[in-house]
Amino acid sequence: MPLMDHLRELRNRLVKSMLAILAVTVVALFFYDQIAEFLVRPVCDLDVKGVGASQCPALVQKGVLSPFSTMLKVSFAVGVIAAAPIWLYQLWAFLAPGLHKHEKKYSLAFVGVGVPLFVAGAWFSYAILPHALDALLGFTIGEANNQIDLDEYLDFLVRMVAVFGLACELPLVLILLNFGGVITAKNMIAWWRWVVMGIFVFGAVATPTTDPLTMCLLSVPISVLYGLAILVAAINDKRRGRRRAEVLGGELDDDEASSLDLTPARVEGTTHLEGTTPVQRNGEADSVHADDIT
């Protein structure tokens, strides 16, 4: 299609996505109390120094407009997450016409596996959130009353969910690179020491807590998923090698070039062009242009 038609289609896809997010956000406003209770439960269930026990006095909201802005923020976040299947489909529908058949297959696999992995990481971060809060609030000085700003807590929760969810996508990205022929299972095996070290460094930096337990809770599952990615890549490399052996008659390494027959062959059925004169050279006929003859 022309460029303007692509832009119009993109605009329509974006409008549909925004309408879906807006509709889910409006629905979330009616269930705001239940959603808010679910989000603040890890704080209200804590029994640590500096945190009260009745009606969750540890959480505070500052300002007249803070409750209203928090309600809008939470409802919009729920709308974006709950409407993800719709706007992901709109994105897919916009990109699909420009993809080959096998690229569509890989893209669908990425969405089909990537969404559950992200949800699993998000659920895991919510499950360990009480431990993270316990570790951080344990540094409260003396008998001080630690009152947590609700907006700050929600930002903390979003960061935890995003870090754990995106970290679980790493093995899937590596598998897609392997299916695309960018890396092999041998490369991933050779890199495993550096990758595992990088995962633990990432876990230490990305997690908001300072204790090693939370770091391990993030790093160990990602390392296991990295091992599963190596296994899937090895199976794919073996399948690719068998298919290449059937096509080329022999299995080749990734850096090995196939043999080519470079023996010169005589060209049969030659014809003389108009304006040329056949001459004899070493007993064989050749052609030169008439202007070249003196």
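The rules behind the values
- The residue numbering used here restarts from 1 in each chain and proceeds along that chain's sequence as written.
- A pLDDT threshold of at least 70 governs which residues receive local features in this predicted model, and a stricter bar of 80 or more applies before side-chain atom pairs are shown or counted, although totals over entire chains, interfaces and linings include all residues.
- Neither water nor hydrogens contribute to the side-chain values; these are computed over all heavy atoms in the structure.
- We call a set of buried residues a nonpolar core when its members are Ala, Val, Leu, Ile, Met, Phe, Trp, Tyr or Cys and they connect through side-chain atoms within 4.5 Å of each other.
- To sort residues, take the accessible area from a 1.4 Å probe on protein chains only and compare it with the maximum for the residue type: under 20% means buried, over 50% means exposed, and anything in between is partly exposed.
- Segments assigned H or I by DSSP are reported as helices when at least four residues long, segments assigned E as strands when at least two residues long, and all are numbered from the N terminus.
- Every axis corresponds to a line fitted to the C-alpha atoms, with the helix fit spanning only the stretch in contact, and the corresponding angles, defined between N-to-C directions, vary from 0 to 180 degrees.
- Angles below 35 degrees are treated as roughly parallel, those above 145 as roughly antiparallel, those between 65 and 115 as roughly perpendicular, and all remaining angles as oblique.
- In this analysis, two residues are considered to be in contact whenever any of their non-hydrogen atoms come within 4.5 Å of each other.
- Residue polarity is assigned by list, with Asp, Glu, Lys and Arg as charged and Ala, Val, Leu, Ile, Met, Phe, Trp, Tyr, Cys and Pro as nonpolar; anything else, Gly included, falls into the polar class.
- A helix is expected to reach a length of 1.5 Å times the quantity of its residues less one.
- On a range of 0 to 100, pLDDT expresses the predictor's confidence in each residue.
- For salt bridges, the criterion is a side-chain nitrogen of Lys or Arg within 4 Å of an Asp or Glu carboxyl oxygen.

### A look at the nonpolar core
Part 1: The biggest cluster of nonpolar side chains holds 28 residues, and the ones touching the most others in it are Leu-59, Leu-129, Tyr-153 and Met-160.
Part 2: For this core, the secondary-structure elements that each account for two or more residues are helix 2 (32–44), helix 5 (101–137), helix 6 (150–167) and helix 10 (212–248).
Part 3: For this core, the leading source of residues is helix 6, giving nine residues.
Part 4: If you look at the next biggest cluster of nonpolar residues, it comprises nine residues, including Ile-175, Ile-183, Met-188 and Ile-230.

### Let's talk about the packing of helix 2 against helix 6
Part 1: For the pair helix 2 and helix 6, the least separation of the axes is 11 Å and the interaxial angle reads 95 degrees. Compared by their axis directions, helix 2 and helix 6 come out roughly perpendicular. Contacts between helix 2 and helix 6 involve Leu-39, Val-40, Pro-42 and Val-43 from the former and Leu-150, Tyr-153, Leu-154 and Leu-157 from the latter.
Part 2: Across the contact of helix 2 with helix 6, the residue classes tally to eight nonpolar, no polar and no charged.

### Description of helix 1 (residues 3–30)
Part 1: Here helix 1 spans 41 Å end to end across 28 residues, near enough to the 40 Å set by a 1.5 Å rise per residue.
Part 2: All of the buried residues in helix 1 are Glu-9, Arg-13, Ser-17, Ala-20, Ile-21, Thr-25 and Ala-28.
Part 3: At its buried positions, helix 1 is contacted by helix 2, helix 3 (66–82) and helix 4 (84–95).

### Brief notes about the confidence of the model for the chain
Part 1: On average, residues of the chain score 75 in pLDDT, and 75% of them reach the 70 mark or higher.
Part 2: Within the chain, no element has a lower average pLDDT than strand 4 (residues 284–289), which sits at 50, and none a higher one than helix 1, at 88.
Part 3: Counted against residues more than four places away or in other chains, residues 48–55, with its pLDDT under 50, gives 16 contacts.

### Comments concerning helix 3
Part 1: Spanning 17 residues, helix 3 covers 24 Å between terminal C-alpha atoms, matching the ideal 24 Å at 1.5 Å per step.
Part 2: All of the buried residues in helix 3 are Ser-66, Thr-70, Val-74, Ser-75 and Gly-79.
Part 3: In this fold, the buried residues of helix 3 make contact with helix 1, helix 2 and helix 6.

### As for the pattern of salt bridges
Part 1: By the definition in use, this model includes three salt bridges.
Part 2: The partner of Asp-5 in a salt bridge is Arg-8, with the nearest N and O atoms 2.9 Å apart. With Asp-5 and Arg-8 both in helix 1 and three residues apart, the pair spans about one turn of that helix.
Part 3: Look at Asp-5 and you get partly exposed, because its relative accessible area is 30%.
Part 4: Residue classification places Arg-8 among the partly exposed positions, given a relative accessible area of 40%.
Part 5: The shortest N-O distance in the salt bridge between Lys-73 and Asp-151 comes to 4.0 Å. With a gap of 78 residues between them, Lys-73 in helix 3 and Asp-151 in helix 6 connect regions that are remote in the sequence.

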